[in-house]
Amino acid sequence: MEQPVFDHRKLTLDDVFEFACYPGISCFNMCCYDLTLVLSPYDFLRLRRALDLSSKEFIERFADFYLGDVTQLPVISVRMKTHDFACPFLREEGCSVYPDRPASCRTYPLARFTGRDEEGKRFEIYRIIRETHCKGHFEKRPITVREWIKEQGLEPYHEFNDLFSEIVFARQHMDRPLSADELDLIYNVFYGLENFKDYVTSEEQLFKKFFSEDKIKEALEDDEKLLRLGLYFLRQTIFKEYLAL
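Residues numbered from 1 in each chain as written. Predicted model: local features only at pLDDT ≥ 70, side-chain atom pairs only at ≥ 80, totals over all residues. Heavy atoms only, no water.

What follows covers the side chain of S77. With respect to the helices, strands and loops of the structure, S77 is situated in strand β5 (residues 74-78). Aside from chain neighbours lying at most four places away, what touches S77 is L37, V38, L39, F62, A63, D64 and Y66. (Helix = DSSP H or I, 4+ residues; strand = E, 2+ residues; numbered from the N terminus. Contact = heavy atoms within 4.5 Å.)

Following this line, the structure appears as structure tokens:
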């Protein structure tokens, strides 16, 4: 797998770069081979919902599960095909799940970096990824980062991924291991919403301490709202102390 090189520039939302990708360009689909494609909880939800699969079915058919080396948080990545290392959703004509493709696919050729500075203030920067196979960089199509985000439909991905990244940030600052019960809860919020839905239903009085009855009812009827509720629940329980850093 080719190691990407990042352009030295740190782009803000109104900075301009040049790029285009389209069927017919000589490198079309080459970026869909031999890659590590980690799925955020929202990526995972969008894909399995588009394929009409349960969480368990999606993982069995298309994914690998492991715990992060540093955070020990659950991680799901797409399992590449064994014979040619292609993404399992790649077809000759392109991506078969294009309307629900993951955030990293949408963001490319940019990489998004978010976090908190020494004063605790959030920051957001972008850097251009340079890979030798990609000819899109030679297309004379200027576009701002902000325009690219809108064009690629990244707004909801950023909302959910920011909630997710705050949890990752908090975990990195924890001074204790996670318990088995905590790990089970985190896994179900991230990648097992069916089980988390059952938990919300059985522990409704607990959730009423954090959310209104209307919010809970809406979450039980809509998976995106359920994921949002779950991420906020983790922030307000397991990771509350560490998000105050």
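Moving on: the sheet that holds strand β9 (residues 122-130). Across the sheet, which stays open at both edges, the three strands sit in the order β1-β9-β8 with antiparallel pairing between neighbours. Looking at which strands have only one partner, the edges of the open sheet turn out to be β1 (5-6) and β8 (110-116). Judged from the two bridges that link them, β1 and β9 form a sheet pairing that is antiparallel. The residue of β9 that forms the bridge with F6 is I129. Against the sheet, helix α5 (residues 155-172) contacts β8 and β9, and its axis sits at roughly 50 degrees relative to β8. (Pairing = 2+ DSSP bridges. Axes fitted to C-alpha atoms, helices over the stretch in contact; angles between N-to-C directions.)

Each full turn of the α-helix corresponds to 3.6 residues, which orients residues three or four apart in the same direction. Three or more residues of helix α2 (residues 55-62) are buried, namely S55, F58, I59 and F62. The buried side chains of α2 occupy one side of the element, clustering within an arc of 100 degrees when seen end-on. Exposed residues lying more than 90 degrees from the buried face of α2 are K56, E60 and R61. Buried-residue contacts for α2 involve β3 (38-39), α1 (41-50), β4 (63-67), β5, α6 (180-191) and α7 (193-202). (Buried < 20%, exposed > 50% of the residue type's maximum accessible area, 1.4 Å probe, protein only. Arc of directions from axis to C-beta.)

From the geometry alone we can't say anything about function, so treat these as descriptive.
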